[in-house]
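# Fold and geometry: a report
Chain by chain, the residues:
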Amino acid sequence: MTDAIKQNEHIYDRLWAKLPIPTHTEWPIWSELQKEIHSGSRLLEMGAGVLPRIPVEGGYFVDLSQAALRKLDVCGGHGVRAAGPLPFCDGAFDVVCAFEVLEHIPDDETVLRELSRVLRPGGALFFSVPVDPALWTGFDDACGHVRRYVASDLAARLAQTGLTIERWTTQPNKFKKVIGNFTGVFLRAIAGFPKLTIWLKRKAIAGEKRLQFQWHTDDINQSHDAGGLIAIARKAS
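Residues numbered from 1 in each chain as written. Predicted model: local features only at pLDDT ≥ 70, side-chain atom pairs only at ≥ 80, totals over all residues. Heavy atoms only, no water.

Below, the discussion takes up the overall build of the protein. Summing up its helical and strand segments, the protein has eight helices and seven strands in all. Computed over C-alpha atoms, the radius of gyration of the protein comes to 17 Å, within 12% of the 18 Å expected from 2.2 N^0.38 for 237 residues, which places it in the range of a compact globule. Projected onto the principal axes, the alpha-carbon positions of the protein cover approximately 50 × 40 × 35 Å. Here the protein holds 237 residues, and 49% of them are scored as buried. Counting 28 positive and 27 negative side-chain charges, the protein places the averaged centre of each group 6 Å from the other. (Helix = DSSP H or I, 4+ residues; strand = E, 2+ residues; numbered from the N terminus. Rg over C-alpha atoms; globule rule 2.2 N^0.38 Å. Buried < 20%, exposed > 50% of the residue type's maximum accessible area, 1.4 Å probe, protein only. Lys, Arg positive; Asp, Glu negative; His and termini not counted. Charge placed at Lys NZ, Arg CZ, Asp CG, Glu CD.)

Here you go:
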């Protein structure tokens, strides 16, 4: 396990131990997700912690956090602790989700191939990532990011695995350099104060639940204006 992965595990394990699991219908992405879910659909979410967008009961979850996996298991989910190849057969799932995950993983090439491999032909991948490397600040460091993406480059890499982005939207994920660096220093400084850290995370979650999405099919690099990309990709049938 790499140092970056260990750092991410340390950051998030403490959070997930204290935060409750929201109802999946509270997330604004649910209106799109439910279009892909039918009776008998098999769903997988990677790196969700205790904030899954898919229904927990009957869903499959891959994560490093044992605290999160225990909570998901209690609520009827099927949790697997893994940081390498996914322990599922080819085409096992109708929907795969990876929200705010890829930017934390040094070897994202392997993960992209694995996400495509376990998705059935015609299935949908939902994901979100920070975009525009020029927007990198100390905030990204404090969050355990290892990259910000060029959106069109990521789309091209997904295409090489058989996944085509059908539509995309944005979420705010950027700071001016000075503010981002200060925020990063602040987040590191309060790491020893878990109650404050959890309070801030709750505020961030509440803000995310209030997002309203406008979906696009044009130049995906326009997502750089907001700094955060949310996209839906389809695996070739």
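Okay, a nonpolar patch on the surface next. A cluster of nonpolar side chains, contributed by Phe-182, Phe-186, Phe-193, Leu-196 and Trp-199, occupies part of the molecular surface with about 550 Å² of accessible area. Secondary-structure elements contributing two or more residues to the nonpolar patch are helix 7 (177-189) and helix 8 (194-209). Mapped onto the fold, Phe-182 is located in helix 7. (Patch = residues over 30% accessible without salt bridge, like charges linked within 9 Å, V, L, I, M, F, W, Y side chains within 5 Å. Areas by Shrake-Rupley, 256 points an atom, 1.4 Å probe, with all protein chains shown as cover. Salt bridge = Lys/Arg side-chain N within 4 Å of Asp/Glu carboxyl O.)

Positionally, Lys-209 belongs in helix 8. When the C-alpha atoms of Lys-209 and Glu-26 are compared, they prove to be 6.4 Å apart, with 183 residues separating the residues in sequence. Each residue touching Lys-209, except ones within four places of it in the same chain, is listed here: Pro-22, Glu-26, Trp-27 and Pro-28. (Contact = heavy atoms within 4.5 Å.)

Taken by themselves, the reported measurements are silent on function.
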